[in-house]
Amino acid sequence: EQAGGSGGQDAIKLPTADQRDPCQPHLSNAIPPPSQAASPACSSVPAGAAPVPAPHPTVPPRSGNPECSYYSSFIVLNVQSMNPSATSTSRWKVPEISSVVQEEHARNHSLPFIALTETWLKSYLSDAQLHIPGYTVSRSDRSGRVGGGVLLYSHGNIPVSECETFDDGTCEGLICRFSTIKTCVFVGYRPPNASLESFDSMLSSFSSYIHRLNDDSYDLIVTGDFNLPAIDWGTLSVCPGGSIEQQQSAQSLLLFESK
């Protein structure tokens, strides 16, 4: 299943043995409707900030049941720098995302996860500088050179049980496990010129974690920006075009998804 994002952003939900009522997503067990949520109100965008793009993705009510309309899609964004200390427009990225959350809240929606790629963050920037009220920050920054990086905002009502990172200076990966909702989220970034070796290393880190988890009751969600436009997600095949590295990397991702 592909969900969220464009321009190379992909999300794959791997099948599990756990079958749930389609009108009662497992996230609803952890996130109450906004009227009951304990998270504080989100801050608004400061004066002079760039406008938030619209529309924002949401999940329509299912089967006419209003109880199924609280939860929005898994948002995936390539932000290309979100340094809050920058003098450029990058410093407004966090307030913009906070504004999206606030607007979704006004629509009676709760966003369980917001995945970001190309964060361009470094270790000297603290999680507190990236804070969005009601959300927990998990991140994997690129070391050694500029660019790259991934981040996951997870709803405060879904505690992070475990977090692992991958960074080889080219690809970055993040693994977050949420035991209360039996879900693992994998966020990855593959630059357009990444080698097959680097991309395979990131996928191997994901596979190793799944193997160590050894629990078929977990939902596994893989998302990010892999820059692999040759993949046809409708047929799960690789179309002609691109470099040999891109073709081989696309095959690796599809092989990983099929396991």
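Each remark here, short or long, concerns the structure printed above.
Residues numbered from 1 in each chain as written. Predicted model: local features only at pLDDT ≥ 70, side-chain atom pairs only at ≥ 80, totals over all residues. Heavy atoms only, no water.

To continue, consider unusual backbone geometry. Of note in this structure, Gln 80 is not a glycine but carries a positive phi near 45°. The topology assignment puts Gln 80 in the loop between strand E2 (75-78) and helix H1 (93-106). Given a relative accessible area of 46%, Gln 80 falls into the partly exposed group. At Trp 120, a residue that is not glycine, the phi angle is positive and equals roughly 60°. One can find Trp 120 in the loop between strand E3 (113-117) and strand E4 (135-140). Here Trp 120 falls in the partly exposed class, since its relative accessible area comes to 38%. (Helix = DSSP H or I, 4+ residues; strand = E, 2+ residues; numbered from the N terminus. Buried < 20%, exposed > 50% of the residue type's maximum accessible area, 1.4 Å probe, protein only.)

Another point: the pattern of salt bridges. Across all of its chains, the model carries seven salt bridges by this definition. The salt bridge partner of Asp 127 is Arg 139, with a shortest N-O separation of 2.9 Å. Remark: Arg 139 occurs in strand E4 and Asp 127 occurs in the loop between E3 and E4; sequence separation between them is 12 residues. By relative accessible area, which is 38% here, Asp 127 ends up partly exposed. Under the relative-accessibility criterion, Arg 139 is labelled buried at 13%. Here Glu 162 makes a salt bridge to Arg 177, at a shortest N to O gap of 3.2 Å. (Salt bridge = Lys/Arg side-chain N within 4 Å of Asp/Glu carboxyl O.)

Residue position: Thr 183 is located in strand E8 (residues 183-189). Polar contacts involving the side chain of Thr 183 include one to the main-chain carbonyl oxygen of Ile 181, which spans 3.0 Å. (Polar contact = N/O pair within 3.5 Å; in protein donor to acceptor, adjacent residues only side chain to side chain.)

Reading across the sheet, the four strands line up as E2-E3-E5-E4 and stay open at both edges, with mixed pairing between neighbours. Whereas interior strands pair on both sides, the edge strands pair on one side only; in this sheet they are E2 and E4. Adjacent strand axes in the sheet meet at a mean angle of 15°, parallel and antiparallel pairs treated alike. Bridge analysis of E4 against strand E5 (residues 150-155) gives six bridges, and the strand direction is antiparallel. Residue pairing for E5: Ser 138 is matched across the bridge by Leu 152. (Pairing = 2+ DSSP bridges. Axes fitted to C-alpha atoms, helices over the stretch in contact; angles between N-to-C directions.)

Think of an α-helix as turning once every 3.6 residues; residues three or four places apart then point the same way. Between its first and last C-alpha, helix H2 (residues 196-213) extends 26 Å over 18 residues, near the 26 Å set by a 1.5 Å rise per residue. When we look at burial in H2, the residues that qualify are Ser 198, Phe 199, Met 202, Leu 203, Phe 206, Tyr 209 and Leu 213. The arc enclosing the buried residues of H2, seen along the axis, measures out at 135°, which places them on a common side. Opposite the buried face of H2, by more than 90 degrees, sit the exposed residues Glu 197 and His 211. If you follow the buried residues of H2, they end up packed against strand E6 (162-167), strand E7 (172-178), E8, strand E9 (219-225) and helix H3 (244-258). Phi turns positive one or two residues past the end of H2, at Asn 214, with a value near 50°. (Expected span 1.5 Å × (residues − 1). Arc of directions from axis to C-beta. Contact = heavy atoms within 4.5 Å.)

Here the focus is the pairing of E9. Most of E9 sits out of view: seven of its seven residues are buried. Because side chains alternate across E9, one face comprises the buried residues Asp 219, Ile 221, Thr 223 and Asp 225, and the other comprises Leu 220, Val 222 and Gly 224, equally buried. Across seven bridges, E8 lies against E9 in parallel orientation. Within the sheet, the bridge partner assigned to Val 187 lies in E9 and is Thr 223. Once you follow E8 into H2 and on to E9, the crossover reads as right-handed. (Right-handed = clockwise from strand over helix to strand, strands pointing away.)

Read these as spatial facts, not as claims about activity.
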